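Residue-level structure breakdown
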Amino acid sequence: MNRQGSVAQSLALLAVLGLGASLTTVPAAAEEAKTPQVNWGQCPDDVVAEATPTVLQCATVPVPLDYAHPEGEQIDLTVSRLAATAPDKRRGVLMLNPGGPGGSGLALSALLVAQGLPSSVTDRYDLIGMDTRGIGHSTPVGCGFTTDSPYYSNIPPYAVDDAAVTAQAKVAEQAAKQCADNDDEGRLRHLTTANTARDLDRIRAALGVEKTSYLGYSYGTALGAAYASMFPERSDRIVLDSNIGDTHLDRDGMRRYALGMEQTLPDFAKWAAGRHDSYGLGRTPRQVRASYLTIAGRLDKAPVAGIDGSLFRLLTFGHLFKQTQYPMLAQTWQTLLEGDEAAVRSLQANQQEGTDGPVTPTDNALTVFLATTCNDVEWPEDVNTYRRGVAEDRERYPLYGAATANITPCAFWPYAPAEPPVEVNTEGPRNVLLLQNRRDASTPHVGGKMLREKFGDRARLISVDDSGHGVYVLGKNSCALNTTTRYLVEGEMPTKDTFCRAD
């Protein structure tokens, strides 16, 4: 996982970040008569390695960098295909997105198959993965962030006081300037959810289908909601899993991460309390929560092995995305509670050899998250606004609120939004199935409720009594799995919102 929240890369998210011509008059889709044909071939070596043993095909699709000038500069998008295994049953294409923004999706189909995607789905759909514009193999962009950059996560660091907000404002301003200085080809301003939705329609046309189905996770729900709103007549069966609540991520959405952590940590606390004799974190969930606050407070004053209070909180947040990460998280807490620096360093080295631990984010992923998030909507520019928000959320959400309310480079972003964020369109087919765990650190349940209300009768919400990020295939709930598979395979949309009990 990178720190942007891509479900596909590790199933755990350590998330998170005036144009001359307005795009409000841009036609929704490009002229299909000029859409190129897709020529499938071998995927890049890194995609082949990630997808093994699943065999994928890849191709490139050119799209306009600026849809206000569709005949101008073109950029190449790389897409992948896992062809339907039963051509006589084939329904069409199912586009996939892992989240982010900033997550590579070329191998997502292989990951879902490895996690148990039902064959009734792979029989009927060509699974289409992709690196969306600016990501990976799709004309990548970068601000030049390095592993030792002061800007290392799109979720700001926990601010213990007003002075910490002021200090982070300097880091955020420098990060925004660095992005502007490195944007030699003028591409960053064109990374928006609306443009990516237009890209999806270009890909749909290039694949030669009249409609496309879609499965998106995390930020991928914002992209899917935008596509279903901009192109309702071209959307087939839409599944939005772990919803952020709108077609874009804004300041309120970022602050909801703290709500998600408050709602999700009790699951880990209950788990750890039942294993107190092994980890020593507390015999009750309340005692385990107290251990978190104790460790964070100590590290705020005296970091251990390079881990300060801010990084500890970020690590905890990220490890709540999968219940399989609970043992690793408990190990980390235990060594930090004991204050044994040698043990902490040894544990870090061992965890880095695994596949579930946090991974240093890449410049590309950080940049795409920033550009898309900052370009989609106006962010407050006044540092005092963030100081007030941090003070409010430190009290409202003690675990993490002073981080997610902190200032980001969007406050200093050099480009103004070229168009308003996509408005959810209630006019269209009833074809949007929303999936949401009741407890999810980065996309709390309220996000699904918000998008359900915005879509109105076009959508149905499946609420799952479970914890973690990702429901369909990535979770373990049989009710949610069966309901979603029936919809994708048979088109059976629930007649009303549904609550799935824990298995």
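The following paragraphs examine the structure supplied in this document. (Residues numbered from 1 in each chain as written. Predicted model: local features only at pLDDT ≥ 70, side-chain atom pairs only at ≥ 80, totals over all residues. Heavy atoms only, no water.)

Okay, the overall build of the protein next. Within the protein one finds 18 helices and ten strands. Against the globule reference of 23 Å for 503 residues, the protein gives a C-alpha radius of gyration of 22 Å, in line with a compact fold. Projected onto its principal axes, the C-alpha positions of the protein cover 65 × 50 × 45 Å. Taken over 503 residues, the protein has a buried fraction of 60%. Carbon and sulfur atoms make up 47% of the accessible area of the protein, which totals about 19100 Å². Within the protein, one finds 47 positive and 60 negative side-chain charges whose respective centroids are separated by 7 Å. (Helix = DSSP H or I, 4+ residues; strand = E, 2+ residues; numbered from the N terminus. Rg over C-alpha atoms; globule rule 2.2 N^0.38 Å. Buried < 20%, exposed > 50% of the residue type's maximum accessible area, 1.4 Å probe, protein only. Areas by Shrake-Rupley, 256 points an atom, 1.4 Å probe, with all protein chains shown as cover. Lys, Arg positive; Asp, Glu negative; His and termini not counted. Charge placed at Lys NZ, Arg CZ, Asp CG, Glu CD.)

Time to look at the packing of helix α8 (residues 251–273) against helix α11 (residues 309–319). The relative placement of two packed helices is expressed as an angle between their axes plus a distance between the axes. Between α8 and α11, whose axes approach to 10 Å, the crossing angle comes to 70°. In this view, α8 runs roughly perpendicular relative to α11, as classed from their interaxial angle. Note on packing geometry: the crossing formed by α8 with α11 is left-handed. For the pair formed by α8 and α11, the contact residues are Tyr257, Met261 and Leu265 on the first element and Arg313, Thr316 and Phe317 on the second. (Axes fitted to C-alpha atoms, helices over the stretch in contact; angles between N-to-C directions. Parallel < 35°, antiparallel > 145°, perpendicular 65-115°, else oblique. Left-handed = near helix turned anticlockwise from the far one by under 90°. Contact = heavy atoms within 4.5 Å.)

Glancing now at the packing of aromatic side chains. In this structure the tally under the stated criterion is 14 aromatic pairs. A ring pair is formed by Trp271 and Tyr326, whose centres lie 5.8 Å apart and whose planes are at 65°; its orientation type is edge-to-face. Remark: Tyr326 occurs in helix α12 (residues 326–338) and Trp271 occurs in helix α8; sequence separation between them is 55 residues. Assessed through its relative accessible area of 2%, Tyr326 is described here as buried. Ring-pair connections join several aromatic residues into one group, and the members of that group are Phe268, Trp271, Tyr279, Tyr292, Phe312, Tyr326 and Trp333. Above the face of the Tyr386 ring, Arg251 is positioned so that its terminal group lies 5.1 Å from the ring centre. (Phe/Tyr/Trp six-rings, centres within 6.5 Å; stacked < 30°, edge-to-face > 60°. Lys NZ or Arg CZ within 6 Å of the ring centre and 35° of its normal.)

A few words on the sheet that holds strand β4 (residues 92–97). Spatially, ten strands are ordered β1-β2-β3-β5-β4-β6-β7-β8-β9-β10 in an open sheet, and the strand pairing comes out mixed. Here the strands that pair on one side only, and so sit at the sheet edges, are β1 (41–42) and β10 (498–500). In this structure, strand β6 (residues 212–217) lies alongside strand β7 (residues 235–241), joined through five bridges in parallel fashion. Looking at the pairing, Tyr217 lines up with Asp241 of β7. Helix α7 (residues 219–230) rests against β4, β6, β7 and β8 (432–439) of the sheet, and its axis sits at about 150° to β6. (Pairing = 2+ DSSP bridges.)

With respect to the helices, strands and loops of the structure, His137 is situated in the loop between β5 (125–131) and α5 (162–182). Spatially, the C-alpha atom of His137 lies 15 Å from that of Pro101, the residues being 36 residues apart in sequence. Those residues in contact with His137 that sit more than four places away from it in its chain are Pro44, Asp46, Val47, Asp76, Thr78, Leu106 and Asp131. One polar contact links His137 to Asp46, side chain to side chain, over a distance of 2.9 Å. (Polar contact = N/O pair within 3.5 Å; in protein donor to acceptor, adjacent residues only side chain to side chain.)

As enumerated under the stated definition, the model contains 25 salt bridges in all. For Asp236, the salt bridge goes to Arg91, with nearest N and O atoms at 3.0 Å. Here Arg91 lies in the loop between β3 (74–82) and β4 and Asp236 lies in strand β7, a separation of 145 residues in the sequence. Across the pair Glu341 and Arg345 runs a salt bridge, and its minimum N-O distance is 3.0 Å. Taken together, the residues span about one helical turn, with Glu341 and Arg345 both in helix α13 (residues 341–352) at a distance of four residues. Accessibility expressed as a relative area gives 38% for Glu341, which makes it partly exposed. (Salt bridge = Lys/Arg side-chain N within 4 Å of Asp/Glu carboxyl O.)

A large share of β5 lies buried, amounting to seven of its seven residues. In the sheet, β3 pairs with β5 via five bridges, with the strands oriented antiparallel. Looking across to β5, one finds that Arg81 is bridged to Ile128. One ladder, built from four bridges, connects β4 with β5; its direction is parallel. Within β5, the residue paired with Val93 across the bridge is Asp126.

So, about the state of the cysteines. Taken as a whole and judged by the stated rule, the model has four disulfides. Cys374 shares a disulfide with Cys410; S-S distance 2.1 Å. Between Cys374 and Cys410, the S-S dihedral sits near -85°, and the bridge is therefore left-handed. Of this pair, Cys374 sits in helix α14 (residues 363–376) while Cys410 sits in the loop between α16 (401–404) and β8, and the two are 36 residues apart along the sequence. Once the disulfide-bonded cysteines of the protein are ranked by sequence position, their pairing pattern turns out to be 1-2, 3-4, 5-6, 7-8. (Disulfide = S-S within 2.5 Å.)

Moving on: the side chain of Asp126. Following the sequence through the fold, Asp126 ends up in strand β5. Residue Asp126 is classed as buried on the basis of its relative accessible area, which comes to 8%. In this structure the side chain of Asp126 is engaged in a polar contact, spanning 2.7 Å, whose partner is the backbone nitrogen of Ala84. Each residue touching Asp126, except ones within four places of it in the same chain, is listed here: Arg81, Leu82, Ala83, Ala84, Arg90, Gly92, Val93 and Leu94.

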